[in-house]
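Structural overview
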Amino acid sequence: QVQLVESGGGSAQAGGSLKLSCAASGSTFGSYTMGWFRQAPGKEHEFVAAINWSDGSTYYADSVKGRFTISRDGAKNTVYLQMDSLKPEDTAVYYCAAKRWAVTRDRSGYPYWGQGIQVTVSS
């Protein structure tokens, strides 16, 4: 049973940094895509970043490219989202998600989800 648990959220000031972790269990993830999504109050669920577990290829939303970095540690079955140069508009609940096979940016393709973790960025 695939289980995803996020940690590392909290508060930061604009320009600061936070690092989110997603601990994955219940499978070997060599054929998986791991993704991060977020949802701000009153807004649609938004793709943030994804990584192909097998080859480490990464994909980013334009809004976070150059500021956020997704990575994975295969030995720990953990995916990370390093968030630098944070902006108030990054405030949202962030979700870790997983799917088999190819990367997509549509949340409907991800059957496995974490519980979500709050990130708040103040001016």
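Residues numbered from 1 in each chain as written. Predicted model: local features only at pLDDT ≥ 70, side-chain atom pairs only at ≥ 80, totals over all residues. Heavy atoms only, no water.

1. Some thoughts on the sheet that holds strand E7 (residues 68–73)
Worth spelling out the cut-off: Pairing between two strands is assigned when DSSP locates at least 2 bridges connecting them. A run of H or I in DSSP counts as a helix once it spans at least four residues, and a run of E counts as a strand once it spans at least two, with each numbered from the N terminus. Here, axes are lines fitted to C-alpha atoms. For helices the fit covers the stretch in contact, and angles between N-to-C directions go from 0 to 180 degrees.
Pairing is antiparallel in the open sheet, where four strands are placed in the order E1-E3-E8-E7. Among the strands making up the open sheet, the edge pair consists of strand E1 (3–7) and E7. Within the sheet, the average angular offset between the axes of one strand and its neighbour, ignoring direction, is 15°. In terms of strand pairing, E1 meets strand E3 (residues 18–25) through five bridges, oriented antiparallel. In the strand pairing of E3, Gln-3 is matched with Ser-25.

2. Brief notes about the packing of aromatic side chains
By convention here, two paired aromatic rings are described through the distance between centres and the angle between planes. Inclusion rule: Pairs were defined over the aromatic rings of Phe, Tyr and Trp, the Trp ring being its six-membered one, requiring ring centres within 6.5 Å. Orientation was assigned from the angle between planes: stacked under 30 degrees, edge-to-face over 60, tilted for the rest. Burial here depends on accessible area, computed with a 1.4 Å probe over protein chains only, as a share of the maximum for the residue type. Under 20% is buried, over 50% is exposed, and the range in between is partly exposed. Over a ring means this: the NZ of a Lys or the CZ of an Arg is within 6 Å of the ring centre and within 35 degrees of the ring normal.
For the structure shown, the criterion picks out eight aromatic pairs. When the ring of Phe-29 is compared with that of Trp-53, the centres are 5.7 Å apart and the planes differ by 45°; the resulting orientation is tilted. Within this pair, whereas Phe-29 is found in the loop between E3 and strand E4 (32–39), its partner Trp-53 is found in the loop between strand E5 (46–52) and strand E6 (58–60), the two being separated by 24 residues in sequence. Here Phe-29 matches Trp-53 in class, with each residue buried. Between the aromatic rings of Tyr-95 and Trp-113, the centroid separation amounts to 6.2 Å while the plane-to-plane angle is 75°, which identifies the pairing as edge-to-face. With Tyr-95 in strand E9 (residues 92–100) and Trp-113 in strand E10 (residues 112–113), the pair connects residues that are 18 residues apart, well separated along the chain. Every member of this aromatic cluster is reached through a ring pair, and the members are Phe-37, Phe-47, Tyr-95, Tyr-110 and Trp-113. Against the face of Tyr-80 rests Lys-19, its NZ or CZ located 4.6 Å from the ring centre.

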